[in-house]
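Here are the chains, one letter per residue:
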Amino acid sequence: MFNLKKFAIIFVSSSFMAAMAVPSYAADSRTSVSTVKINVSTDLSLGSTSSDVEVTTTSTLYDVHSATITNVPADGWDGDDKPKVQIKLALEDDDNYKWNITKANVNVTGDAGNVTSVSGGSGHGYLTIVYTLDALDKVYKDWSSSLDLNIDNAYWQTAYGIANWSTVENVKKFEVKLYRGSTVLTTVTTTNNYYSFANYFTQAGTYSYKVRAVYSSSHKGSWAESEDLYVTESAAASIKATYNANINNPTSSASSAYLSGLTGTTVYGSTYYANSPVNTTDGQWILDQYGWWYRNADGSWTSNGWQLINGKYYYFNSQGYMKTGWIYWNNQYYYCGADGAMLTNTTTPDGYYVNSTGAWVSDYNPYSYTFG
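Let us look at the structure shown here.

The rules we used
- Residues numbered from 1 in each chain as written.
- Predicted model: local features only at pLDDT ≥ 70, side-chain atom pairs only at ≥ 80, totals over all residues.
- Heavy atoms only, no water.
- Helix = DSSP H or I, 4+ residues; strand = E, 2+ residues; numbered from the N terminus.
- Buried < 20%, exposed > 50% of the residue type's maximum accessible area, 1.4 Å probe, protein only.
- Areas by Shrake-Rupley, 256 points an atom, 1.4 Å probe, with all protein chains shown as cover.
- Pairing = 2+ DSSP bridges.
- Axes fitted to C-alpha atoms, helices over the stretch in contact; angles between N-to-C directions.
- Phe/Tyr/Trp six-rings, centres within 6.5 Å; stacked < 30°, edge-to-face > 60°.
- Patch = residues over 30% accessible without salt bridge, like charges linked within 9 Å, V, L, I, M, F, W, Y side chains within 5 Å.
- Salt bridge = Lys/Arg side-chain N within 4 Å of Asp/Glu carboxyl O.
- Contact = heavy atoms within 4.5 Å.

1. Notes on the overall build of the protein
Moving on, step 1. Each helix and strand in the protein was counted, giving five helices and 28 strands.
Moving on, step 2. Buried positions account for 37% of the 372 residues belonging to the protein.
Moving on, step 3. When the accessible surface of the protein is summed, it comes to about 20700 Å², and 49% of that surface belongs to carbon and sulfur atoms.

Spelled out as structure tokens, the structure:
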């Protein structure tokens, strides 16, 4: 009997302790915040790495803890970019309020975009929202309207079958269409202001191309058309062979010139008219960051020699740029003025006489020459 009572006491005590070990939670009586309203406003500049963003709310239940653009491009914003804004909201009183938020419950005004993710949307703590803006050329419509997407000049580098055109600022790429006659041979895109179509010169014909600048998928410039380039069958074969020889033999001097020309670091070309100048009146003077050079009507240019242009001789160096001052050529000294034209039958600014061919006369006798 004694043992039975003892067992009963132990059993009751164990049951009591087990009951005491079960935690007792009070029901969460906090009010749910089930809707969020915010305004997102950015101030970004085309081509810059700016990251200015402001997020505001009129709610008294929560405030904006932080707002950050997380994908600022190292090379600056362009029209196709979609900034991602990470927004953190904090409850003003998390003792009496709790989050109960999904993407569908987040309302955003201001810059157009979409809520792409929500985290921390249940309970307390920060509510983190990722808001992805639309492409910036839609958000900032004045960006594209202020851009000049026109290509001023489209021409050929004939020897290599390279299409060249003037550069355009703030574009992402160029679209180019190659024609033989009225037939489209190919359509390509490139980020450079040149493209070699040498391998498409497979037969005689009239070749041309159209090119336009692309700022974004919805904003493109007008097509610029090159001049027609007629090539015979042998010329087409030569263009293709020259291109492939240069590409496949990178140690050749011709290849070095070709590849350097493609990088845009300097201008190289075949030597035209170096020893027998030709009077060319239908070309074009071009000034770039390295100096003046003259593009002939067929796209070629002179290097390492003289060219007669509109009745005046000009000297072009190994890279095709016009030189001024004293020039040593074929064991003779010549002088080109500030405008690049060779002086003849006169005295140079530093007091030396040059004859009718432009050569310096070291034993000049003033009574033996007639000044022009």
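2. What about the sheet that holds strand E8 (residues 113–119)?
Moving on, step 1. Strands sit in the order E4-E5-E10-E8 across an open sheet of four strands; the sheet is antiparallel. Each having just a single partner strand, strand E4 (62–69) and E8 make up the two edges of the open sheet. Averaged over all neighbouring strand pairs, the angle between strand axes comes to 25°, with direction disregarded.
Moving on, step 2. Relative to strand E10 (residues 127–133), strand E5 (residues 84–91) runs antiparallel, the two sharing six bridges. Across the sheet, Val 85 pairs through a bridge with Tyr 131, a residue of E10.

3. With respect to the packing of aromatic side chains
Moving on, step 1. Here the structure, examined in full by the defined rule, presents 23 aromatic pairs.
Moving on, step 2. Ring geometry for Phe 197 against Tyr 200: centres 6.2 Å apart, planes inclined by 70°, an arrangement best described as edge-to-face.
Moving on, step 3. Centre to centre, the rings of Phe 201 and Tyr 207 are 4.3 Å apart; their planes meet at 25°, and the pair counts as stacked.
Moving on, step 4. In this structure Phe 201 comes out as buried when scored by relative accessible area, which is 1%.
Moving on, step 5. Owing to a relative accessible area of 0%, Tyr 207 belongs among the buried residues under this scheme.
Moving on, step 6. By the ring-pair criterion, three or more aromatic residues cluster together here, those being Trp 156, Trp 165, Phe 174, Phe 201, Tyr 207 and Tyr 209.

4. As for a nonpolar patch on the surface
Moving on, step 1. Residues Tyr 328, Tyr 333, Tyr 352 and Trp 360 make up a contiguous nonpolar surface patch of roughly 420 Å² in combined accessible area.
Moving on, step 2. Structurally, Tyr 352 is set in the loop between strand E27 (346–347) and strand E28 (353–354).

5. With respect to the pairing of E5
Moving on, step 1. Relative to E5, E4 runs antiparallel, the two sharing seven bridges. The partner of Ser 66 across the bridge, within E5, is Lys 88.

6. Section: the sheet that holds strand E3 (residues 52–56)
Moving on, step 1. Across the sheet, three strands lie side by side as E3-E2-E7; this open sheet has mixed pairing. The two strands at the open ends of the sheet, each matched to only one other strand, are E3 and strand E7 (106–110). Put simply, the sheet's adjacent strands are angled 25° from each other on average, direction ignored.
Moving on, step 2. Across five bridges, strand E2 (residues 36–43) lies against E3 in antiparallel orientation. Looking at the pairing, Thr 42 lines up with Val 53 of E3.

7. Remarks on unusual backbone geometry
Moving on, step 1. Of note, the phi angle at Asn 304 is positive, near 55°, even though the residue is not glycine.
Moving on, step 2. Structurally, the position occupied by Asn 304 is in the loop between strand E22 (291–295) and strand E23 (305–309).
Moving on, step 3. Residue classification places Asn 304 among the partly exposed positions, given a relative accessible area of 41%.
Moving on, step 4. Not every positive phi belongs to a glycine, and Asn 331 is a case in point at roughly 65°.

8. Describing the environment of Thr 206
Moving on, step 1. Positionally, Thr 206 belongs in strand E16 (residues 205–216).
Moving on, step 2. Sequence separation of Thr 206 and Val 231 is 25 residues, and the distance between their C-alpha atoms is 6.5 Å.
Moving on, step 3. What Thr 206 contacts, discounting residues up to four positions off in sequence, is Tyr 179, Arg 180, Gly 181, Asp 228, Leu 229 and Tyr 230.

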